[in-house]
Every structure is written in structure tokens, then in C-alpha cells.
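# Breakdown of the fold
Here is what each chain is made of, one letter per residue.
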Amino acid sequence: MSAQEKIIREKLSDYYSTVFEKELIEEIVEVGFIDKFKAGETLIDIGENMTHIPLILDGAVKIIRQEKEGDELVLYFLEKGDTCAVSFINCINRKKSIFKGVVENDVEAIFVPVEKIDDWLAKYKTWRYFIIDSYHFRLIEMVESIDGLAFMNMNQRLLKYLTDKAKINKDINIEITHQQIAKDLNTSRVVITRLLKQLHNDGKVFSTRNKVKVLDF
DNA sequence: ACATTAAGTGATT
DNA sequence: AATCACTTAATGT
């Protein structure tokens, strides 16, 4: 057994042993490989073909919907133990990605070739449940995101965005510019500046240049 | 000291 | 809530 295989086996049993049966883990060890990505790297872009599916071990990925150039909106984050079930369906249909995935925190993940996904769905009950479960969870996050757009004002959306981000980073100190926040929420910088000042005065955040500290949880 | 980038603000739609 | 036009503050070289 190679050192790489050993590592995969260990990592898998750390996060997925209770979920997957032994035979499945063996298959993953056989065809999967570990890869790492630095924050800011684009994992997948809209329109690209997916060749591998990530099982995230560490870090976080920001999932973005993008409309042509410039117009974009952050939908949700993927974390440890997550996978993007939406990408599975993309793969099975041999379609191109409908989302963009950018690394939020340095990511370590096991990558599994697309061809296996389908096989395993028929072969392993645990894999089937894993996929359905994951798909369900993504759907809920998506609905939350729609709710945000439909029923929440920018003020609430901003606060949710900041608390979500603090949770993902496990740090209430966020390093970000008003401009970047505006981009993620698909609004203008001026609006963020003003709302952030409101939140600051309300004692919900403490913000300085390039930094926002989330005080209200 | 100067240039660049980030943030704050009033007025208007 | 968005946009414009402009000011002020912080930071890098």
C-alpha cells in the first residue's frame, strides 16, 4: 500500500467511517487522490466540465452563481464532510457546471473520478444515502438563499453573510473590504459602507479598514 | 512625499 | 437601495 493510500484511508475513516461501508472505502482509496488548494483559487468555473468530485476533508469552498461578467451572488459554503451533490448530477448528466466554486479557506479534499459516482449509486446503499442527504442539504441552503433575496432587506442579508462567514472561518474577525462584500451580495460598495456603519453603531459589529468583527451572534 | 486603495458622505433617482 | 461625484483616511513605495 502506498503512503498516499494510507493517508486517504486514515482521513476517510476520520470523517466518513460511520457513513460508508468498508468495501466503498476501499474503492475510494483505490481510485481517489488527495489534493490541496489555497484560498482564493477557483475550483470550478461555470461552463467547465467536471472530471472529479471532491469530498472535503478540511477548509471551505464558496459556491457562487455568476451571471456573465461581473454579476455574481454567493449562494452557500461547503465545509468539512460536505460534498457538492449538485456537482454529482452535473456529472451524471455529463453537463457543465452551473456554479462557480472558489476556495474560501485552504481546502484539502479527496477527489474521485466522475465515472465512479454512478456505479457506486447502484452498488452502495450508504453512498446513495450520502448523495441524497447531501442533495437535500444543498436544496435547503438554496431555499434559504432564495428567502434571503425575496424576503430580507440588505441589512439582514449583510448580517447573515457576516455571521455565516464567521462560522465558516471559526473566527469572528473577518478580513474583507466593503467592495468584496458588495460583490458577494451583488450590491454596491456604498450601500455596504452605510449598512456596515449602521451595524457598527447598533453594536452588532465592529468594523475598521479591511476588517469586520462580528459581535452579535 | 506621493500615489494608490479603502471608506465616508450628500444629493439625486 | 442604487448611482454619482466628491472627500477623507489609511497604506504602500
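Our subject is the structure listed above.
Cut-offs and rules
Going along each chain's sequence as written, the residues are numbered from 1 onward. Written order determines the labels here, with chains lettered from A and ligands numbered from 1. Two thresholds apply to this predicted model, a pLDDT of at least 70 for residue-level local features and 80 or more for giving and counting side-chain atom pairs, whereas whole-chain, interface and lining totals are computed over all residues. Each side-chain value is derived from all of the structure's non-hydrogen atoms; neither hydrogens nor water enter the calculation. Secondary structure elements are taken from DSSP: a helix is a run of H or I of four residues or more, a strand is a run of E of two residues or more, and numbering for both begins at the N terminus. Taken over C-alpha atoms, the radius of gyration is set against a globule rule of 2.2 Å times the number of residues to the power 0.38. With a 1.4 Å probe rolled over the protein chains alone, any residue whose accessible area is under 20% of its type maximum counts as buried; one over 50% counts as exposed, and the rest are partly exposed. Note on contacts: a residue pair is in contact if any heavy atoms of the two residues lie within 4.5 Å. Here the Shrake-Rupley method, with its probe set to 1.4 Å, supplies the accessible areas, and only the displayed protein chains count as covering residues. Two residue types count as positive, namely Lys and Arg, and two as negative, namely Asp and Glu; His and chain ends fall outside the count. A single reference atom marks each charge: NZ on Lys, CZ on Arg, CG on Asp, CD on Glu. The angle between two axes is taken between their N-to-C directions and runs from 0 to 180 degrees, where each axis is a line fitted to C-alpha atoms and a helix contributes only its stretch in contact. Any angle that is under 35 degrees is reported as roughly parallel, and any over 145 degrees as roughly antiparallel; angles of 65 to 115 degrees are reported as roughly perpendicular and all others as oblique. Amino acids are sorted into nonpolar (Ala, Val, Leu, Ile, Met, Phe, Trp, Tyr, Cys and Pro), charged (Asp, Glu, Lys and Arg) and polar (every other residue, Gly among them). Whether a residue is near a molecule or strand depends on its heavy atoms: it is near if one of them lies within 4 Å of it. The criterion for an aromatic pair is that two Phe, Tyr or Trp rings (for Trp, the six-membered ring) have centres within 6.5 Å, with stacked assigned to planes under 30 degrees apart, edge-to-face to planes over 60 apart and tilted to the rest. Think of a polar contact as two N or O atoms within 3.5 Å of one another; within protein, one of them needs to be a possible hydrogen donor and the other a possible acceptor, and neighboring residues in sequence only count if both atoms come from side chains. What a helix is expected to span follows from its residue count: subtract one and scale by 1.5 Å. By definition, the arc is the one covered by directions from the helix axis to the C-beta atoms.

## Brief notes about the overall build of chain A
- Of regular secondary structure, chain A possesses eight helices and eight strands.
- Rg of the C-alpha trace for chain A: 19 Å, near the compact-globule value of 17 Å for 217 residues, within the 12% margin.
- When the backbone C-alpha atoms are referred to their principal axes, chain A occupies close to 55 × 30 × 25 Å.
- Buried positions account for 42% of the 217 residues belonging to chain A.
- Taking as baseline every contact in chain A between residues at least 6 positions apart, the subset at least 24 positions apart corresponds to 71%.
- For chain A, the accessible area works out to roughly 12,100 Å², and carbon and sulfur atoms hold 51% of it.
- The centroid of the 32 positive side-chain charges in chain A is displaced by 5 Å from the centroid of its 35 negative side-chain charges.

## Quick notes on the packing of helix α2 (residues 22-31) against helix α4 (residues 114-123)
- Interaxial distance between α2 and α4 falls to 12 Å at its minimum, and their mutual angle equals 170°. Comparing their axes, α4 and α2 come out roughly antiparallel. On α4, the residues that touch Leu24, Glu27, Ile28 and Val31 of α2 are Lys116, Trp120 and Lys123.
- Counted by class, the contact of α2 with α4 contains four nonpolar, no polar and three charged residues.

## Some details on the protein's contact with DNA strand B
- In the neighbourhood of DNA strand B, the contacting residues comprise Thr177, His178, Arg189, Val190, Thr193, Arg194, Lys197, Arg209 and Asn210.
- In DNA strand B, atoms within 4 Å of the protein come 46% from sugar and phosphate.
- Sorting elements by how many residues they give to the surface near DNA strand B places helix α8 (residues 189-201) first, with five residues.

## Digging into the packing of aromatic side chains
- In the structure shown here, the tally under the stated rule is six aromatic pairs.
- With a centroid separation of 5.9 Å and 20° between ring planes, the pair formed by Phe33 and Phe111 is classed as stacked. Of this pair, Phe33 sits in strand β1 (residues 33-37) while Phe111 sits in strand β5 (residues 100-113), and the two are 78 residues apart along the sequence.
- According to the relative accessible area criterion, Phe33 is partly exposed, its value standing at 31%.

## Re the protein's contact with DNA strand C
- Neighbouring DNA strand C are Asn153, Met154, Asn155, Thr187, Ser188, Val190, Val191, Arg194 and Arg209.
- Put simply, 65% of the atoms of DNA strand C that lie within 4 Å of the protein are in sugar or phosphate.
- A distance of 3.4 Å separates a sugar or linking oxygen of DNA strand C from a polar side-chain atom of Arg209.
- At the level of secondary structure, the elements contributing two or more residues to the surface near DNA strand C comprise α6 (154-169) and α8.
- Counting residues per element, the surface near DNA strand C draws most heavily on α8, which supplies three residues.

## What to know about helix α5 (residues 125-151)
- An ideal rise of 1.5 Å per residue puts 39 Å on 27 residues; α5 measures up with 38 Å between its terminal C-alpha atoms.
- Each element contacted by the buried residues of α5 is listed here: α2, β3 (52-67), β4 (71-78), α3 (85-92), α4 and α6.

## Comments concerning the side chain of Lys62
- Among the secondary structure elements, Lys62 is positioned in strand β3.
- Classification of Lys62 as buried rests on a relative accessible area of 12%.
- In terms of polar contacts, Lys62 uses its side chain to reach the side chain of Asp184, at 3.0 Å.
- Leave out the neighbours within four places in its chain, and Lys62 touches Val74, Tyr76, Phe77, Lys100, Gly101, Val102, Glu104, Lys165 and Asp184.

## A short note on α8
- The end-to-end C-alpha distance of α8 is 18 Å, a good match for the 18 Å that 13 residues give at a rise of 1.5 Å each.
- For α8, the set of buried residues is Ile192, Leu195, Leu196 and Leu199. The arc enclosing the buried residues of α8, seen along the axis, measures out at 105°, which places them on a common side. Across from the buried face of α8, at angles greater than 90 degrees, the exposed residues are Arg194, Lys197 and Asn201.

## Some details on the environment of Ser145
- Here Ser145 is to be found in helix α5.
- Placed 69 residues apart in sequence, Ser145 and Tyr76 show a C-alpha to C-alpha distance of 7.6 Å.
- Excluding residues within four positions of it along the chain, Ser145 makes contact with Val74 and Leu75.

No statement about biological role is implied by the geometric values presented.
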